[in-house]
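An overview of the molecular structure
Listed here are the chains, written in short residue letters.
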Amino acid sequence: MKVSVIATLGTSPPVVTEFIQYLEKEERVSDLTLIVTGEKMIQEGAKLLEAAIKSRYPHIHVHIKNLPFNDIITDEDNIKFMGICADILREQRERYNADKIYVCLAGGRKEMGTSLAMLGQILDVDAVYHVVAPNIKSMSVDLERARHDISELAASPDPMEYYTRKRELFDALMYPPPSTYNVIRIPVIPYPKEVLYQIASLLSANVIERSKVRISPDLMKRLSTAGLIKLTREKVYVLDAGRAFYQQILRKEGF
């Protein structure tokens, strides 16, 4: 049974290793894919994470996916992010032969987590998780104290050797006692395939007569509220956001 984990990464790398530590108590993880922006602190955190995982769980293959922007600031950025995530999710089964796919949303921006959780409902993710640390202030202080060492590790020609030299510091930071944090499973309700096919059929058009749309009035209203289509008395107009959603996500999935 191959288990693949996808995690968004922000400025707090330990949330990812905490989740892996939690998961490895019950299941053996085969692959970890980190979604990171180009921000220097996050890139450094990815280097630390890779070394920490290889140090404790050498059987886990770490993959780093770099986003083409530092932050999501426009609707276009968000659609592009969702398209990249759809590619990553599909890659888990097609390239890494994953039997299960888990998503950890504890790191990264809120909009990234929201979009990725929504994609999980469409693309058959097995579970979505969040990591919460009640003593987050104390952990944040420890993380800031270690920033210089994290930067040094990232700049090192041999990050694993640097991690090994500073193992006591890094292990305490990246693998705190499980009693100091909680892992929360977020329910993911999958979309029925037949509904997705209906939505894809609609969004792949430009304009269509309402009498020819094979979607319930309630669902059409919801798509309109979501800003994907515009409704008139006789016709349905697919908006730019709806067209982009179809092209970046639904079409790639064969809908």
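Everything that follows concerns the structure shown earlier in this document.
Heads up: these notes are all about the structure in this document. (Residues numbered from 1 in each chain as written. Predicted model: local features only at pLDDT ≥ 70, side-chain atom pairs only at ≥ 80, totals over all residues. Heavy atoms only, no water.)

1. A closer look at the side chain of Glu24
Take Glu24: it is sitting in the loop between α1 (14–23) and β2 (29–36). Buried charge without a partner: Glu24 forms no salt bridge, and the closest opposite charge is Arg28, 5.7 Å away. Within the structure, the side chain of Glu24 is placed 2.8 Å from the backbone nitrogen of Val29, a separation counted as a polar contact. Glu24 has contacts with Val29, Tyr57, His59 and Ile60, leaving out every residue within four places of it along the chain. (Helix = DSSP H or I, 4+ residues; strand = E, 2+ residues; numbered from the N terminus. Buried < 20%, exposed > 50% of the residue type's maximum accessible area, 1.4 Å probe, protein only. Lys, Arg positive; Asp, Glu negative; His and termini not counted. Salt bridge = Lys/Arg side-chain N within 4 Å of Asp/Glu carboxyl O. Polar contact = N/O pair within 3.5 Å; in protein donor to acceptor, adjacent residues only side chain to side chain. Contact = heavy atoms within 4.5 Å.)

2. Quick notes on the packing of aromatic side chains
What describes a pair of aromatic rings is the distance from one ring centre to the other and the angle between the planes of the rings. Applying the stated criterion across every chain, the model contains eight aromatic pairs. Ring geometry for Phe19 and Tyr22: centres 6.3 Å apart, planes at 25°, overall stacked. Of this pair, Phe19 and Tyr22 both sit in helix α1, three residues apart, which is roughly one turn of that helix. A relative accessible area of 0% places Phe19 in the buried class. (Phe/Tyr/Trp six-rings, centres within 6.5 Å; stacked < 30°, edge-to-face > 60°.)

3. Concerning the pairing of strand β3 (residues 61–66)
Bridge count between β2 and β3: six bridges; the pairing is parallel. Each bridged residue has a counterpart across the sheet, and for Val36 the counterpart in β3 is Asn66. Once the chain exits β2 it traverses helix α2 (residues 40–56) before rejoining the sheet at β3, and the crossover so formed is right-handed. (Pairing = 2+ DSSP bridges. Right-handed = clockwise from strand over helix to strand, strands pointing away.)

4. Brief notes about helix α10 (residues 217–225)
Owing to its 3.6 residues per turn, the α-helix brings residues three or four apart onto one side. Among the residues of α10, Leu219, Met220 and Leu223 are the ones counted as buried. Across the axial projection of α10, the buried residues extend over an arc of 100°, all falling on one side. Of the exposed residues in α10, those oriented more than 90 degrees away from the buried face are Pro217, Lys221, Arg222 and Thr225. The inward-facing, buried residues of α10 contact α9 (193–203), β8 (229–231) and β9 (235–238). Looking one or two places after α10, you find Gly227, whose phi comes out positive at around 80°. (Arc of directions from axis to C-beta.)

5. Quick notes on the sheet that holds strand β5 (residues 127–132)
Read across the sheet, six strands follow the order β3-β2-β1-β4-β5-β6 without closing on themselves; strand pairing throughout is mixed. What marks the edges here is a single partner per strand, and that holds for β3 and β6 (182–186). On average, adjacent strands in this sheet sit at an angle of 25° to one another, irrespective of strand direction. Here five bridges tie β5 to β6, and the two strands are oriented antiparallel to one another. Of the residues in β6, the one forming a bridge with His130 is Ile184. Against the sheet, α1 makes contact with β1 (3–8), β2, β4 (100–104), β5 and β6, and its axis sits at roughly 160° relative to β1, the strand it touches most. (Axes fitted to C-alpha atoms, helices over the stretch in contact; angles between N-to-C directions.)

6. So, a nonpolar patch on the surface
Residues Val132, Ile184 and Ile186 make up a contiguous nonpolar surface patch of about 200 Å² in total accessible area. Along the chain, Ile186 falls in strand β6. A relative accessible area of 33% means that Ile186 is categorised as partly exposed. (Patch = residues over 30% accessible without salt bridge, like charges linked within 9 Å, V, L, I, M, F, W, Y side chains within 5 Å. Areas by Shrake-Rupley, 256 points an atom, 1.4 Å probe, with all protein chains shown as cover.)

7. Regarding the pattern of salt bridges
Here the structure, examined in full by the defined rule, presents 16 salt bridges. Here Lys54 makes a salt bridge to Glu50, at a shortest N to O gap of 3.5 Å. You can see Lys54 and its partner Glu50 sitting in helix α2, four residues apart, about one turn around the helix. Exposure remark for Lys54: the relative accessible area of 39% places this residue in the partly exposed category. Here Lys252 makes a salt bridge to Asp87, at a shortest N to O gap of 3.3 Å. Of this pair, Lys252 sits in the segment after α11 (240–250) while Asp87 sits in helix α3 (residues 75–94), placing them 165 residues apart in sequence. Judged by its relative accessible area of 33%, Lys252 is partly exposed. Through salt bridges with shared partners, a single network forms among Asp87, Arg90, Lys252 and Glu253.

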